[in-house]
Amino acid sequence: MQLRNTPGPEYMDMSTPVAPVTATASHSTTGRACRFCGAPVRRSFADLGLSPLCQTHVAPEQLNLPEPFYPLHARVCEKCFLVQLDEFVAPQDIFGDYAYFSSYSDSWVAHAGRYVDLMVSRFGLGRESLVMEIASNDGYLLQHFVRQGVPCLGIEPAANVAEAAVAKGIPTVVRFFGTQAAGELAASHGQPDLLLGNNVLAHVPDLNDFVAGMKTLLKQGGVITMEFPHLVRLMAENQFDTIYHEHFSYFSFLTVERVFAAHGLTLFDVEQIPTHGGSLRIYGCHTGDATHPVGERVVALRAEERALGLERVETYDAFNEQVRETKRAILSFLIEAKRAGKRVVGYGAPGKGNTLLNYCGIRTDFIDFTVDRNPHKAGKYTPGARLPILDPAAIREAKPDYLFVLPWNLRQEIMEQCAYIREWGGKFVFPIPRIEIV
């Protein structure tokens, strides 16, 4: 996609942020209220048809049972430019018992370790500090703070995942985060010097309550960091498969800055990082905190996004057709491979993979099975497409001609782990940003 090289209007200055919505939004399929500013949201961004929840893996005894599918249609607000999905399923139904464990990705754990080293060095964190992580998963990140002797607390809504963190010696509270939870946590555990959340902001249906909760919980003089996929990279690199029901919102820097400003939080720094195909790491503080002046990277990224046209609705209009063309290219490859008698198996069963499989209609007629290192997924079937999920050892047994990589964001890690497919002439297939065979 070619983003528009035109500046946005001057009235979008961060000193006059859009006011947040203060009432629960309607969930109608057309013209629902924006989950941030409350304006009607009608403009299509990407219509991916119907899809099941991406982490509801199917057990063998469930194969003959019906499976619910929900519309997967992202739209963009023409007032605040937040790209968003309708909320069809309550967060408790999605995250109450969750199959995603961060520690099964070696590169992600290493990324977390580098982050911790950076935060300890930059902000002088030590034994007298307090770190809290929202959506702390299985302790993949906080374990690094524990090793450095920095007190910490995890806040995790999925009890089954939190158990893994507790087993590692990481204090963890099982609950969903918002303003009420923030007040109670501040009273019971204190206010953190560093409040962080990696890949959680997109998962929040009540965005205003969540950000207001961070304002409540954060210590005066403290810092917030959040990481999430960057909408600019999603559009420019065709990452439509990162759209799924568990991701309610998709952020540009301009929009996320507006959201934080509306709740008395200032973004004083930002980094563009390579994770998940291109993400942002934002740094926030209480508005008026003179110890954290707004830096040059904030000013530069604002200008860059405005030059790309991210405050013009026309910029978002071409993405739908780009997604359709990607689907055609993926299916063309698979059809030609199967007609040539080639064997294709998958690698991974991530959320993004399930969006791609269901949108493209890829089932066992194209991909025999997929594999995953996570034992909570092995032995089950992918949602909707119903590909068997096997142990990675099945790759050696099958000796496929092509290994179709669904978590393409872990490209280097997977190519190193599965380099042995070269022994029989196997090749890797990466579907995003465009079909690539290596």
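Residues numbered from 1 in each chain as written. Predicted model: local features only at pLDDT ≥ 70, side-chain atom pairs only at ≥ 80, totals over all residues. Heavy atoms only, no water.

Draft legend 1. Structural detail: the sheet that holds strand β14 (residues 344–347). Reading across from one edge, β14-β17-β18-β19 is the order of the four strands in this open sheet, with mixed pairing throughout. With partners counted over all chains shown, the strands left at the sheet margins are β14 and β19 (436–437), one partner each. On the sheet, helix α10 (residues 319–339) packs against β14, β17 (402–405), β18 (427–430) and β19 and is oriented at approximately 160° with respect to β17. (Pairing = 2+ DSSP bridges. Helix = DSSP H or I, 4+ residues; strand = E, 2+ residues; numbered from the N terminus. Contact = heavy atoms within 4.5 Å. Axes fitted to C-alpha atoms, helices over the stretch in contact; angles between N-to-C directions.)

Draft legend 2. Main features of the nonpolar core. Of all hydrophobic cores here, the largest spans 59 residues; its most connected members are Phe45, Ile243, Ile362 and Phe404. With seven residues, α10 is the single largest residue contributor to this core. In contact with Ile362, other than residues within four places in its own chain, are Ile330, Leu331, Leu334, Leu356, Leu357, Ile367 and Ala385. Counting 44 residues, the second largest nonpolar core, distinct from the first, contains Cys80, Met132, Leu217 and Phe260. (Core = buried A, V, L, I, M, F, W, Y, C linked by side-chain atoms within 4.5 Å. Buried < 20%, exposed > 50% of the residue type's maximum accessible area, 1.4 Å probe, protein only.)

Draft legend 3. Structural detail: the sheet that holds strand β9 (residues 194–198). Strand order in the open sheet formed by seven strands is β8-β7-β6-β9-β10-β13-β12, with mixed pairing between adjacent strands. The sheet is open, and its two borders are formed by β8 (172–174) and β12 (265–273), each paired with just one other strand. Averaged over all neighbouring strand pairs, the angle between strand axes comes to 20°, with direction disregarded. Along the sheet, helix α9 (residues 296–307) makes contact with β12 and β13 (279–286), crossing β12 at roughly 75°.

Draft legend 4. Representation of the pairing of strand β4 (residues 70–76). By the criterion of burial, β4 is predominantly enclosed, with five of the seven residues buried. Alignment of strand β3 (residues 43–51) against β4, held across six bridges, turns out to be antiparallel. Looking at the pairing, Asp47 lines up with His73 of β4. Here β4 hands over to strand β5 (residues 83–84) after six residues, with Phe81 in that stretch at a positive phi of 65°.

Draft legend 5. Just helix α2 (residues 106–123), in detail. The end-to-end C-alpha distance of α2, which contains 18 residues, comes to 26 Å, matching closely the 26 Å that a straight helix rising 1.5 Å per residue would cover. Along α2, the residues that are buried comprise Trp108, Val109, His111, Ala112, Gly113, Tyr115, Val116, Met119 and Val120. Contacts from the buried residues of α2 go to α3 (142–147), β9, β10 (223–229), β12 and β13. (Expected span 1.5 Å × (residues − 1).)

Draft legend 6. A look at the pairing of β10. Along β10, seven of the seven residues are buried, which leaves the element largely enclosed by surrounding structure. A two-sided burial pattern is seen for β10, the buried positions comprising Val223, Thr225, Glu227 and Pro229 on one face and Ile224, Met226 and Phe228 on the other. Here β9 pairs with β10 via five bridges, running parallel. By the bridge assignment for β10, Leu195 is matched with Ile224. Summarising the sheet, β10 and β13 pair through six bridges and their orientation is antiparallel.

Draft legend 7. Here's a closer look at empty space enclosed by the protein. Going through the model one piece at a time under the given rule, you end up with two cavities of 30 Å³ or more. Quantified by volume, the largest cavity comes out at close to 60 Å³. Lining the largest cavity are Ala202, Phe228, Pro229, His230, Leu231, Leu234, Thr242, His247, Ser249, Tyr250 and Phe251. Mapped onto the lining of the largest cavity, the elements with two or more residues apiece are β10, α7 (231–236) and β11 (249–250). Per-class residue counts for the lining of the largest cavity are seven nonpolar, four polar and no charged. (1 Å grid on protein atoms, 1.4 Å probe; cavity = no way out; pocket = protein on both sides within 12 Å on 5 of 7 lines; lining within 4 Å. Points joined across faces, edges and corners; volume = space filled by probe spheres on them. Nonpolar A, V, L, I, M, F, W, Y, C, P; charged D, E, K, R; others polar.)

Draft legend 8. Looking closely at the environment of Leu310. Checked against the element boundaries, Leu310 lands in the loop between α9 and α10. For Leu310, a relative accessible area of 1% corresponds to the buried category. Considering only alpha carbons, one finds Leu310 and Phe253, 57 residues apart in sequence, at a separation of 9.6 Å. Beyond its immediate chain neighbours, meaning those up to four positions away, Leu310 contacts Phe81, Val232, Met235, Ser252, Leu254, Glu305, Thr315 and Tyr316.

Draft legend 9. Structural view of the environment of Met415. Along the chain, Met415 turns up in helix α13 (residues 411–417). Residues Met415 and Val405 lie 10 residues apart in sequence; the distance between their C-alpha atoms is 9.4 Å. Sequence-distant contacts of Met415, that is, excluding residues within four places in its chain, are made with Arg422, Phe428, Phe430 and Val438.

Draft legend 10. Representation of the environment of Phe404 in the model. Along the polypeptide, Phe404 turns up in strand β17. Among the residues examined, Phe404 registers a relative accessible area of 0% and is labelled buried. On a C-alpha basis, the gap between Phe404 and Val429 in space is 4.7 Å, while along the polypeptide they are 25 residues apart. In this structure Phe404 touches Ile330, Phe333, Leu334, Val344, Val345, Gly346, Tyr347, Leu356, Ile367, Val429, Pro431 and Ile435, once residues within four positions along its chain are discounted.

Draft legend 11. Highlighting the pattern of salt bridges. Throughout the structure, instances matching the rule amount to 23 salt bridges. In this structure, Glu67 and Arg386 form a salt bridge, with 3.0 Å as the shortest nitrogen-oxygen distance. Note that Glu67 is positioned in the loop between β3 and β4 and Arg386 in the loop between β15 (370–371) and β16 (389–390), a separation of 319 residues in sequence. The exposure class of Glu67 is buried, given its relative accessible area of 18%. (Salt bridge = Lys/Arg side-chain N within 4 Å of Asp/Glu carboxyl O.)

Draft legend 12. Expanded view of the packing of α10 against helix α11 (residues 351–360). With their axes 10 Å apart at the nearest point, α10 and α11 run at an angle of 80° to one another. Judged on the interaxial angle alone, α11 and α10 are roughly perpendicular. Judged by residue contacts, Val323, Arg324, Lys327, Ile330 and Leu331 of α10 engage Leu356, Tyr359 and Cys360 from α11. In terms of residue class, the contact of α10 with α11 is built from six nonpolar, no polar and two charged. (Parallel < 35°, antiparallel > 145°, perpendicular 65-115°, else oblique.)

Draft legend 13. Fine view of the packing of helix α5 (residues 179–189) against helix α6 (residues 207–217). At their nearest, the axes of α5 and α6 sit 7 Å apart, and the two run at 15° to each other. The orientation of α5 relative to α6 falls into the category roughly parallel. Relative to α6, the crossing made by α5 is right-handed. Along its contact with α5, which presents Thr179, Ala182, Gly183, Leu185 and Ala186, the element α6 presents Asp209, Ala212, Gly213, Thr216 and Leu217. Its residues placed into classes, the contact of α5 with α6 shows five nonpolar, four polar and one charged. (Left-handed = near helix turned anticlockwise from the far one by under 90°.)

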